[in-house]
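Breakdown of the fold
Listed below are the residues making up each chain.
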Amino acid sequence: MGNESTDGGEGIEASGTGGDPASVEERYQKVFEYNNDAVMIVDFETESFVDVNPRACELLGYSREELLSMDPEDIHPDDIDRVREEFISQVKSEGTGFTDDLTCLTKDGEKVPTEVSGAALESTAGAADAEPRRMIAMLRDISGRVQTRRRLEQKVERLDRFAGIVSHDLQNPLSIIQGHAELARQTGDSEHFDAVEDAADRMEEMLSELLQLTREGDLIHEREDVDLDAIARNVWADCDMAPASLEVESSTTLWADRDRLHELLVNLFENARDHGGPSVTVRVGVLDGPELNGFYVADDGAGVPTDDEDDVFEWGHTTTGDGTGFGLAIVAEIAEAHGWEIGVEESADGGARFEIDGIDR
């Protein structure tokens, strides 16, 4: 496309504003040159740039000469059809136009989110009703606004997930309270009240922690040395897993947020019971291999179907009719927040084996 360069900003046409035409044109020229937004004069017929201001060169990374040899499609390759249909056509028909969702491609290949407003420039053909030949387009970099919007969206998503975590993880201590309350009613044994009190304390602790998480937005807080054997047995006791059995085959010291690691193991143990039955056997141990640095939780249950291995950690994914699909998603969330990697495969007993790797010790 041939471009019609107008040195000195002559692409901006001054009209009946009063005063000396030269003075008016000079003012327009200063607005054009020193504008904080990228300003471009575009020819409707050829869809080529007639003039660009310094800010346009700075935003897109091209020299003025390079931009004048290009056309809008070069900097809006993904959006050019929408630019023509929604923006340029609006400027032609209504005299002005605006869009707040336009991606610009810089010389370095970076995608910059912008908003653009435009106005038709008066024709110099002489007739008042002559169709305009050019438009002025003003692009504004909205990267900061987009980042803020994404952060807010992520915060809302995180709050939704925390709500799911609260709902899901409170089920275990709540069921313990209900079970022991019923046993206390039937037997009169006061020992059941100790279990109820312990579960209630755990619920209060969880609610306090999760409320703090929603305020601060960080899933992981202070890390410390945690003995794998000790925490596995503590979690097992908290979950009241009988008649299921736990075997700790080997142990190590993990550098982790103790409370979040507790939640991770709670969900893995409950997952084993939900899918392997009340008498499931769960084995915990250290990953064996020169490049491995972590632990595993394996069971002798039904295992994970091959087709589901890539989906088991997704929010809402469940293979049981009464499942929430939160348990393993919470496990993955906690592992990722620590910087760990998690995977699932078939255990030696034909059940599920979850491996958590990449742990600092």
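See the structure printed just above.
Residues numbered from 1 in each chain as written. Predicted model: local features only at pLDDT ≥ 70, side-chain atom pairs only at ≥ 80, totals over all residues. Heavy atoms only, no water.

All right, on to the overall build of the protein then. The helix and strand inventory of the protein stands at 11 helices and 12 strands. Look at the contacts in the protein between residues 6 or more apart in sequence, and 61% of them connect residues 24 or more apart. (Helix = DSSP H or I, 4+ residues; strand = E, 2+ residues; numbered from the N terminus. Contact = heavy atoms within 4.5 Å.)

Taking strand neighbours across the sheet as the criterion, the 5 strands line up as 2-1-5-4-3 in an open arrangement whose pairing is antiparallel. What marks the edges here is a single partner per strand, and that holds for strand 2 (48-52) and strand 3 (96-105). Averaged over all pairs of adjacent strands, the angle between strand axes in this sheet comes to 30 degrees, irrespective of strand direction. In this sheet, strand 5 (residues 134-141) lies alongside strand 4 (residues 111-121) in antiparallel orientation, the contact comprising 8 bridges. Each residue of the ladder has a partner; that of G118, found in strand 5, is A137. Here helix 5 (residues 80-94) sits on the sheet and contacts strand 3, strand 4 and strand 5; the angle it forms with strand 3, its principal contact strand, is near 150 degrees. (Pairing = 2+ DSSP bridges. Axes fitted to C-alpha atoms, helices over the stretch in contact; angles between N-to-C directions.)

In this section: the sheet that holds strand 9 (residues 281-286). Taken in spatial order, the 5 strands line up as 7-9-10-12-11 in an open sheet, and their pairing is mixed. In this open sheet, the two strands that pair with only one neighbour each are strand 7 (245-248) and strand 11 (341-346). Direction aside, neighbouring strands of the sheet carry axes that sit 15 degrees apart on average. Two elements, strand 9 and strand 10 (residues 295-299), share 5 bridges in a ladder whose sense is antiparallel. Across the sheet, residue V282 finds its bridge partner in strand 10, namely D299. The strands touched by helix 9 (residues 228-239) within the sheet are strand 7, strand 9 and strand 10, with strand 7 carrying the most contacts at an inclination of about 175 degrees. With respect to the sheet, helix 10 (residues 258-276) is in contact with strand 7, strand 9, strand 10 and strand 12 (352-357), its orientation differing from that of strand 10 by roughly 20 degrees.

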